[in-house]
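Residue strings, one per chain:
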Protein chains: 2
Amino acid sequence: MSIHLNPIGFVDSPRKEKKDDYWAEVISVIQLDESVFNAEAIQGIETFSHLEIIFYMDQVLPEKIVYGARHPRNDSQLPKVGIFAQRGKSRPNRIGLSRCNLLKTEGTRLYVQGLDAIDQTPILDIKPYVQEFAPRGTVFQPTWISEIMRNYY
Amino acid sequence: MSIHLNPIGFVDSPRKEKKDDYWAEVISVIQLDESVFNAEAIQGIETFSHLEIIFYMDQVLPEKIVYGARHPRNDSQLPKVGIFAQRGKSRPNRIGLSRCNLLKTEGTRLYVQGLDAIDQTPILDIKPYVQEFAPRGTVFQPTWISEIMRNYY
């Protein structure tokens, strides 16, 4: 089974190359594909404070993709875990997901803050962040990931 | 630009047909594609309480996809908003995203609770839920979506 998707738009970001950390202040623009969409597609979206962005990390080389386990950030001091037990970019299907703040819209453009996708990244979907979709029950995670995330935002 | 993805696995769920509500108690299994993955791909994932699952809603008919605005759940009493300002399934690229509780793993199988994907849904990615990726700053959303979500979980 092969799935064919088309980007719904692209990121216009000041960050041109992959960098692991300090995304919080980055302001970027998601430009919808105007051959398919007009401003109606995002009508009313400013009534939400945050978005969930699903994007395609097309700059990851296919030969770098990990299908088994590895040390996160290739740091041998961190525990070796499965690629689906970490959020590294070298993953099957190369899909990125993150939440960001919506600043404003202008026509088919969304201005967002804190989106960790580099310039020209293809966007697969935009969803409003809905509080009822937050995790239910007690949340826990291993200490190594908090260590990695220390300077991420 | 066309993007080709392969499912990393499929959902085995007791829920065979689309239903809008009452997902909280649903226990389902994500079976990784064993022609590509072994248990290493999810090694250590039980150290996280929750997962973020990205899936492909292949049962949505292409002719039902909305590219502009519509009333959520086609309920004319709700405000008409853009397809990217709501989380309805009839969206471009038909990508679903939700968080669920990880109960346990067995080999290449993940047992999860509260995953709102019907039986045989193709899975595109599995990410551990990481608290630092939660929205930063004040979160707000319109009242109509809280209304919709009242019985979702």
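Cut-offs used in this document
- Residues numbered from 1 in each chain as written.
- Chains lettered and ligands numbered in written order.
- Predicted model: local features only at pLDDT ≥ 70, side-chain atom pairs only at ≥ 80, totals over all residues.
- Least-squares fit on C-alpha atoms with pLDDT ≥ 70 in both.
- Contact = placed C-beta atoms within 7 Å.
- Helix = DSSP H or I, 4+ residues; strand = E, 2+ residues; numbered from the N terminus.
- Nonpolar A, V, L, I, M, F, W, Y, C, P; charged D, E, K, R; others polar.
- Pairing = 2+ DSSP bridges.
- Axes fitted to C-alpha atoms, helices over the stretch in contact; angles between N-to-C directions.

Engineer: What's the story with the relation of the copies chain B and chain A in this structure? I'm lost.
Structural biologist: To go from the first copy of the chain to the second, apply a rotation about an axis and then a shift along the same axis. The two copies are related by a screw operation: chain B maps onto chain A through 180° of rotation and 0.0 Å of translation along the axis, at an RMSD of 0.0 Å. One copy is carried onto the other by what is essentially a two-fold rotation axis. For chain B, the smallest separation between a C-alpha atom and the rotation axis is recorded for B:His4, amounting to 2.4 Å.

Engineer: Quick question: what am I supposed to make of the interface of chain B and chain A here?
Structural biologist: Accessible area lost when the parts come together is the quantity often used to give the size of an interface. Facing 67 residues of chain B, the contacting portion of chain A comprises 68 residues. Of all the secondary structure elements, the ones that give two or more residues to the side of chain B that touches chain A are strand S1 (3–5), strand S4 (50–56), strand S6 (81–82), strand S7 (95–106), strand S9 (122–128) and helix H1 (143–149) of chain B. Looking at which element gives the most residues to the side of chain B that touches chain A, the answer is S9(B), with six residues. Taken together, the residues that form the side of chain B that touches chain A break down as 38 nonpolar, 20 polar and nine charged. Bridge count between strand S1 (residues 3–5) of chain A and S1(B): three bridges; the pairing is antiparallel. Pairing of A:Leu5 across the sheet is with B:Ile3, part of S1(B).

Engineer: Would you take a moment to explain the sheet that holds strand S3 (residues 27–32) of chain A for this structure?
Structural biologist: Remark on secondary structure: sheet strands pair via backbone hydrogen bonds, oriented parallel or antiparallel. Residues and elements named next belong to chain A. One closed barrel holds the six strands; their spatial order is S2-S3-S8-S7-S4-S9, and the pairing between them is antiparallel. Each neighbouring strand pair of the sheet contributes to a mean axis angle of 45°, computed without reference to strand direction. Judged from the seven bridges that link them, strand S4 (residues 50–56) and strand S7 (residues 95–106) form a sheet pairing that is antiparallel. Bridge pairing in S7 links His-50 to Asn-101.

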